[in-house]
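Reading the structure
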There are 2 protein chains.
Amino acid sequence: MAQKQSWDHNRRAKETKLEKASSLMQGKFVQTSDAKELLETLIDSGDRVVLEGDNQKQADFLSRTLETVDPEKVNHLHMIMSSISRPEHLNIFENGIASKMDFSYAGPQSTRVSQMISDGSLVVGDIHTYLELYGRLFIDLIPNVVLVAADKADRQGNLYTGYNTEETPVIVESAAFKDGIVIVQANEIVDQLPRVDIPSDWVDVVIQADQPYQLEPLFTRDPQNITELQILMAMMAIRGVYEKHNVQSVNHGVGFNTAAIELLLPTYGEQLGLKGKIIPNWELNPTPTLIPAIESGWVQSVHSFGGEVGMEKYIAARPDVFFVGKDGTMRSNRAFGQVAGQYALDIFVGSTLQIDQFGNSSTVTNGRLSGFGGAPNMGSNPTGRRHSTPAWQSLKPDDDPLAKGQKLVVQMVETFGSNKRPVFVDHLDAEDVRKEAKLANVPIMIYTEDTTHIVTEEGIAYLYKTDSMAERKQAIEAIAGVTPVGLRSKSETLKDLRNRGIVALPEDLGVKRTDAKRSLLAAKNMEEIVEWSKGLYNPPAKFRNWS
Amino acid sequence: MAQKQSWDHNRRAKETKLEKASSLMQGKFVQTSDAKELLETLIDSGDRVVLEGDNQKQADFLSRTLETVDPEKVNHLHMIMSSISRPEHLNIFENGIASKMDFSYAGPQSTRVSQMISDGSLVVGDIHTYLELYGRLFIDLIPNVVLVAADKADRQGNLYTGYNTEETPVIVESAAFKDGIVIVQANEIVDQLPRVDIPSDWVDVVIQADQPYQLEPLFTRDPQNITELQILMAMMAIRGVYEKHNVQSVNHGVGFNTAAIELLLPTYGEQLGLKGKIIPNWELNPTPTLIPAIESGWVQSVHSFGGEVGMEKYIAARPDVFFVGKDGTMRSNRAFGQVAGQYALDIFVGSTLQIDQFGNSSTVTNGRLSGFGGAPNMGSNPTGRRHSTPAWQSLKPDDDPLAKGQKLVVQMVETFGSNKRPVFVDHLDAEDVRKEAKLANVPIMIYTEDTTHIVTEEGIAYLYKTDSMAERKQAIEAIAGVTPVGLRSKSETLKDLRNRGIVALPEDLGVKRTDAKRSLLAAKNMEEIVEWSKGLYNPPAKFRNWS
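Residues numbered from 1 in each chain as written. Chains lettered and ligands numbered in written order. Predicted model: local features only at pLDDT ≥ 70, side-chain atom pairs only at ≥ 80, totals over all residues. Heavy atoms only, no water.

The name recorded for chain A in an unreviewed UniProt entry is Malonate decarboxylase subunit alpha, from Xylocopilactobacillus apicola.

1. Let's talk about the environment of Ser-362 of chain B
Residues and elements named next belong to chain B. For clarity, the threshold we go by: We count a stretch as a helix when DSSP gives it H or I for four or more residues in a row; a strand needs E for two or more, and each element gets its number in order from the N terminus. Relative accessible area decides the class of each residue, using a 1.4 Å probe on protein chains only: under 20% of the type maximum gives buried, over 50% gives exposed, and in between gives partly exposed. The contact criterion used is simple: two residues touch if any of their non-hydrogen atoms lie within 4.5 Å.
Mapped onto the elements, Ser-362 comes out in strand 18 (residues 361-362). Its relative accessible area of 0% is what places Ser-362 among the buried residues. Each C-alpha atom, one on Ser-362 and one on Arg-221, is 22 Å from the other, the two residues being 141 residues apart in sequence. Sequence-distant contacts of Ser-362, that is, excluding residues within four places in its chain, are made with Thr-352, Leu-353, Gln-354, Leu-428, Ala-430, Pro-443, Ile-444 and Met-445.

2. Considering the side chain of Thr-258 of chain A
Residues and elements named next belong to chain A. With respect to the element layout, Thr-258 can be found in helix 9 (residues 256-271). The exposure class of Thr-258 is buried, given its relative accessible area of 5%. Among all residues touching Thr-258, those that are not within four sequence positions of it are His-252, Gly-253 and Val-349.

3. A word on unusual backbone geometry
Residue and element names in this part refer to chain A. Phi is positive for His-76, which is not a glycine, with a value near 55 degrees. Backbone geometry places Ile-279, a non-glycine residue, at a positive phi of 35 degrees. By the element assignment, Ile-279 lies in the loop between helix 9 and strand 14 (281-283). With relative accessibility at 0%, the residue Ile-279 sits in the buried group.

4. Overview of the domain arrangement of chain A
All names here are of chain A. Short version of the rule: These domain boundaries are the output of an automatic or database domain assignment. Two parts lose some accessible area (1.4 Å probe) when they are put together, and adding that loss for both gives the buried area. A 3.5 Å cut-off defines polar contacts: any pair of N or O atoms within that distance qualifies, except that in protein one atom must be a possible hydrogen donor and the other a possible acceptor, and neighbouring residues in sequence count only when both atoms are side-chain atoms. Put simply, Ala, Val, Leu, Ile, Met, Phe, Trp, Tyr, Cys and Pro go in the nonpolar bin, Asp, Glu, Lys and Arg in the charged bin, and everything else, Gly too, in the polar bin.
When cut into domains, chain A gives domain 1 (25-215) and domain 2 (223-516). Relative placement of domain 1 and domain 2: their C-alpha centres are 32 Å apart. Between domain 1 and domain 2, a total of about 2,600 Å² is buried, with carbon and sulfur atoms accounting for 56% of that surface. At the boundary of domain 1 and domain 2, one finds 28 residue pairs in polar contact (both at pLDDT 80 or more). For the side of domain 1 that touches domain 2, the secondary-structure elements that each account for two or more residues are strand 6 (98-105), helix 5 (110-118), helix 6 (130-136) and helix 7 (168-176). Among the elements that line the side of domain 1 that touches domain 2, the one with the most residues is helix 5, at 5 residues. Here the residues of the side of domain 1 that touches domain 2 sort into 15 nonpolar, 12 polar and 5 charged.

5. What to know about the sheet that holds strand 20 (residues 424-425) of chain A
Residue and element names in this part refer to chain A. For clarity, the cut-off: A pair of strands counts as paired when DSSP detects no fewer than two bridges linking them.
What the 3 strands build is an open sheet, ordered 18-17-20; its pairing is mixed. One side of each edge strand has no neighbouring strand; the edge strands of this open sheet are strand 18 (361-362) and strand 20. Relative to strand 20, strand 17 (residues 354-356) is paired through 2 bridges, and the arrangement is parallel. In the strand pairing of strand 20, Asp-356 is matched with Val-425.

6. Some remarks on the packing of helix 4 (residues 87-94) of chain A against helix 5 of chain A
Residues and elements named next belong to chain A. Worth spelling out the cut-off: Each axis is a line fitted through C-alpha atoms, and for a helix only the stretch in contact is used; angles between axes span 0 to 180 degrees, taken between their N-to-C directions. Any angle between 65 and 115 degrees counts as roughly perpendicular, while under 35 counts as roughly parallel, over 145 as roughly antiparallel, and the rest as oblique.
It is at 10 Å that the axes of helix 4 and helix 5 come closest, and there the two elements cross at 10 degrees. Of the possible angle classes, the one that applies to helix 4 and helix 5 is roughly parallel. Residue-level contacts link Pro-87, Leu-90, Asn-91, Phe-93 and Glu-94 of helix 4 to Arg-112, Val-113 and Met-116 of helix 5. Partitioning the contact of helix 4 with helix 5 into residue classes produces 5 nonpolar, 1 polar and 2 charged.

7. Overview of the relation of the copies chain B and chain A
Selection rule: For the least-squares superposition of copies, only C-alpha atoms count, and only for residues with pLDDT at least 70 in both.
By a simple turn and slide, chain B fits onto chain A: the slide is 0.0 Å along the axis, the RMSD is 0.0 Å, and the turn is 180 degrees. Taken together, the rotation and translation relating the two chain copies correspond to the operation of a two-fold axis. When the interface residues of chain B are mapped onto chain A, 100% of them again fall at the interface, so both copies present the same face.

8. Examining the environment of Gln-248 of chain B
Residues and elements named next belong to chain B. Considering the arrangement of structural elements, one finds Gln-248 in the loop between helix 8 (228-245) and strand 13 (249-252). Along the chain, Gln-248 and Asn-281 lie 33 residues apart, while their C-alpha atoms are 6.3 Å from each other. Apart from residues lying up to four places away in sequence, Gln-248 is in contact with Lys-277, Ile-278, Ile-279, Pro-280, Asn-281 and Asp-346. Side chain to side chain, Gln-248 and Asn-246 meet in a polar contact 2.9 Å long.

9. A look at the pairing of strand 7 (residues 123-127) of chain B
As defined by bridge partners, strand 6 (residues 98-105) of chain B adjoins strand 7 of chain B across 4 bridges and the pair is classed as parallel. Bridging across to strand 7 of chain B, Lys-100 of chain B finds its partner in Val-123 of chain B.

As structure tokens, this is what we get:
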């Protein structure tokens, strides 16, 4: 009956590769200078290769090494990467080492990604939200080789990923238990690890990197750049969303809008008597702008996707708040953070570059294919969710006996972006990008069906209350300012929408525009954040503009 | 500015508890006979306690021990459990040790759960799908103590969970890095583990159990109980769903309907020329009924939530298919399996006890509050998904330029259940249960919005093609047989629905009812499955009815 002769092809292929590499290896360890030859030996042409790199932490020694391998020996790789962040991530396509890419996010390289798709030098399998990409590692993108980064390895090959555990565990697991090869760059090789994050059984090769892995402080926002318009929006969000819906758990996207919310909690939030009443529980990278709220007792817990440069000592001194191991260092986890971000939170608050007349939003604009990151996952209504909280339940429609609540998904935008172009548009640039990049679907970050609120400097549109697409468009027009979309708004319609609670202007929320002053910020600059932290927060040099 | 005096309350509380327990501990190890005293020392009244137990694997030594603690010393526990499976899981509520429960599934105890909610002895926080409950462990249900089960521990406290890794890693992580206490029952304590699944750094206490943890073969279905009606439905599903939509990746619920599909692949599927064309990639516990398809070369990969009793040797001999560690044993992972099941699959095929006239389904029937398990997660359309596959894309509506595809969510049911009661009903019993149990929302397993197909012995309703609730109801009536719902179907309407491809009868799919014979099954009984496995599958005694 059986037709297949061998059932351990992958295991034998792995053994053969490791046998060939044995002259380079002492146990699991390989010399830094032998890294190129090692990759040429352990990676076969056509292999599916996961290269670690979310938006902050990069396995950059391994990616720089991969760029140098001989394309005669290694080619047609199918790369799987959370983030296309570094030049060599695309160079390997130009020089013939790789041919196909599945990814999530392409911040710094997004313009080049668009160009390379156009000229055919990059074939994209698909663009994903992070958690979706991790899921596929166990189904239809099971890797042959994974290239990951650790802080430290011990002599047995146990790994310490510490503070920036990030996506390392889920990537390693997908390969270690399916006869894939796990190759690790370590900043240091030591006798004794502070703790074990990944057991040595899961690891095949450890190489000491030529320098510590790249780490970017991407979640750090200097409060001195927060404008009074952003403070006004933050005040509206606190009153018209957080207080109104009794929000208890939250993820904030990256940006000054949400940084302003964080910095208003100990001042404006306190004035409103909201302390102890809203948002004790956070899923968030350890953003410095949260420090004043933590120090004021607003925050019970913060679980993090990854670390943030300069926050190490502060976190270590606040184990009641952050997830910290026995060794005193945080453990982050991007996969579990995204699970929590999807299923366990009341609210996601993000920002975007464009919102169309229907309420769909995208950060993909002409010439930039930036991908998705975690926003589609956290900014979507998880229809599998079954537990209810007051915030979730407050969005339940009252006309259906089988109805349930919904996650609050909030877009906070100024009506015009920093480039002076309108954020509200009739049609997303993403529609054109779809055609140019030959994507199956329009690369929308958050669909209008999932978007429950839009906050601008004009007011709040409570989209979840609208009962037709026509009404939804009217609600968006009402808060879209003097953009072409906003100019269609009629005063009679606005009056009606306000009466019915579908749109709220600042005055409807009891927010005075003249109160939106920078003096309301609990910290007005980085130096004040450091003070709040009692000197425990250590900002990276580029944020240190005081003496 | 700061108002909080201490930032390590949890850490000090943990140290104090462990200090009190020090007379019972040798390093991390505690005598079996001291388990009760240990729990009385390490668990404070009011603590949030996670007790491991999905539907198969149970930390039953620890749950039996917990039942014996003195309620004067330990009371008002808030229990967090995937599954309420054993009598003591509810006894601890009756005897005053625990007072609140958050859970996912209550199969064997579902009647008693209903009763205890009614009489007030059990307060339910909420009912969840598994992944949702895991997410909350990092946000608003962060545990004080977790009680988990391992196969083996070594002298340092490293854990081997092997084959049935299940939910142990995610539970342990939520406590180990937030100053919770991790207490492990181990079947064996050994000098050398086959591999490390969980590092000792994450573990506080190891106790050798009085007997190996309870493990149930819940995914084993004996083919001799598969009926010809189920075979007919399986034939329709293969032609009208899998082939039609070019399905590549799949999760099957537990049941004879999907077992029939598995057993028809090497026969009927082969006749149709579908081998190599459909479903190479599976997220599924290692069900014995999949063996003939694996042996015939249909299956490229299977990732599993947990293990299945008797499949150990077979899996170990098929590492190209299953996720197997270097030690030769499978590693399962319920959390990552659910991530993959939600985001990476083309199709979920499940079954249910009731479907209402609108297409909502529930296994909660009068007197039984069975909970949800994984079905809401896998049987929902993940609106954060951004990658497309042919199956997903085949459900994309063609009238909207911004549209995207959808996950196939299929309910396969006979129109009357094994209890002779109609599956299709006007209103779900769950609506009454909601009132009795004072739940916030009706406990629906899969909502009609997420349900794309219903397969019965009468035909297939392609619900995703309907464009109004009225039409959706008609499509359901058309395949609901002689149930009260089905009797409303009119022949003119049926004709129209068939013409428009919204309903297909067997003849529309080229399936002859007379071909649906048991002889089509690749294995007709357990003995034949063992033969297919070349003797590697070792069925539990209760499935061995040959000599």
